[in-house]
Amino acid sequence: MHIHGGGWVAMSSFSHQSYTRKWANYLGDDAIIFSIDYRLAPEYRYPYALEDVWQLYLWIIYFSQFYFNITIEQIILAGDSAGGNMALGVCFRAIKYGIRIPDGLLMAYPAVNLDFTNFNPYLL
């Protein structure tokens, strides 16, 4: 499952096709890649984006076999920046609610420290 980055305000699954298509071609029939377009800020503030991602995760677990006839052997969450943050958020929720935990995480430069008292974007 791929979750695009973009600071919760930009980008889409389409903007990240440069590598999700490569993953799909490389993995062939051994994998299915779901890439989500979640609701973006500022129109949709937190927690809308995380809720969208969480709902897709639950749908994959509970309904993908029924609708797509796929057997889930492994679930790997991949995300960059805000997408990495939400991949981690899905893991936390899965643990909290006793839902199947993803088998792997691929987070590219995840936004995991959002405490501006310890980090300031102007330091970049």
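Please read these numbers as outputs of a predicted model, since none were measured by experiment.

**Quick notes on the sheet that holds strand β3 (residues 76–80)**
Next up, step 1: One open sheet accounts for four strands, arranged β2-β1-β3-β4; its pairing is parallel. Single-partner strands in this sheet number two, and they are β2 (35–36) and β4 (104–108).
Next up, step 2: Alignment of strand β1 (residues 2–3) against β3, held across two bridges, turns out to be parallel. Within β3, the position partnered with Ile3 by the bridge is Gly79.

**Focus: the pairing of β4**
Next up, step 1: As paired elements, β3 and β4 share five bridges and run parallel to each other. Counted as the bridge partner of Asp80 is Ala108 from β4.
Next up, step 2: As a crossover connection, the stretch from β3 through helix α3 (residues 82–97) into β4 is right-handed.

**What about the packing of aromatic side chains?**
Within a pair of aromatic rings, the relevant descriptors are the distance that separates the centres and the angle that separates the planes.
Next up, step 1: Within this structure, the stated rule accounts for nine aromatic pairs.
Next up, step 2: Each ring, one from Trp54 and one from Tyr57, has its centre 5.9 Å from the other, and the planes form 25 degrees; the classification is stacked. Here Trp54 and its partner Tyr57 are both found in helix α2 (residues 48–68), three residues apart, which amounts to about one turn of the helix. The exposure classification of Trp54 matches that of Tyr57, with both residues buried.
Next up, step 3: On the basis of an interplanar angle of 25 degrees and a centroid distance of 5.9 Å, the ring pair of Trp59 and Tyr67 is categorised as stacked.
Next up, step 4: For Trp59, a relative accessible area of 25% puts it in the partly exposed group.
Next up, step 5: A residue is classified by how much of its surface remains accessible, and Tyr67, at 53% relative accessible area, is exposed.

**A few points about the environment of Val53**
Next up, step 1: By secondary structure assignment, the location of Val53 is in helix α2.
Next up, step 2: For Val53, a relative accessible area of 0% gives the class buried.
Next up, step 3: Residues Val53 and Ser35, spaced 18 residues apart in sequence, show a C-alpha to C-alpha distance of 9.7 Å.
Next up, step 4: Those residues in contact with Val53, other than ones at most four positions away along the chain, are Met1, Ile3, Ile36, Tyr38, Met86 and Val90.

**As for a nonpolar patch on the surface**
Next up, step 1: The grouping of Tyr62, Phe63, Phe66, Tyr67 and Phe68 at the surface amounts to a nonpolar patch, some 640 Å² of accessible area in total.
Next up, step 2: Residue placement: Tyr62 occurs in helix α2.
Next up, step 3: The class for Tyr62 is partly exposed, based on a relative accessible area of 49%.

**What to know about unusual backbone geometry**
Next up, step 1: Cis rather than trans, the peptide bond between Ala41 and Pro42 has omega equal to 5 degrees.
Next up, step 2: Along the chain, Pro42 turns up in the loop between β2 and α2.
Next up, step 3: Cis geometry marks the peptide bond from Tyr46 to Pro47, where omega comes out at 15 degrees.
Next up, step 4: You can see Pro47 is positioned in the loop between β2 and α2.
Next up, step 5: Positive phi outside glycine occurs at Trp8, with the angle close to 65 degrees.
Next up, step 6: Looking at where Trp8 falls in the secondary structure, it is placed in the loop between β1 and α1 (17–27).
Next up, step 7: Phi at Ser81 is positive, roughly 55 degrees, even though this residue is not glycine.

Definitions and cut-offs
Residues numbered from 1 in each chain as written. Predicted model: local features only at pLDDT ≥ 70, side-chain atom pairs only at ≥ 80, totals over all residues. Heavy atoms only, no water. Pairing = 2+ DSSP bridges. Helix = DSSP H or I, 4+ residues; strand = E, 2+ residues; numbered from the N terminus. Right-handed = clockwise from strand over helix to strand, strands pointing away. Phe/Tyr/Trp six-rings, centres within 6.5 Å; stacked < 30°, edge-to-face > 60°. Buried < 20%, exposed > 50% of the residue type's maximum accessible area, 1.4 Å probe, protein only. Contact = heavy atoms within 4.5 Å. Patch = residues over 30% accessible without salt bridge, like charges linked within 9 Å, V, L, I, M, F, W, Y side chains within 5 Å. Areas by Shrake-Rupley, 256 points an atom, 1.4 Å probe, with all protein chains shown as cover. Salt bridge = Lys/Arg side-chain N within 4 Å of Asp/Glu carboxyl O.

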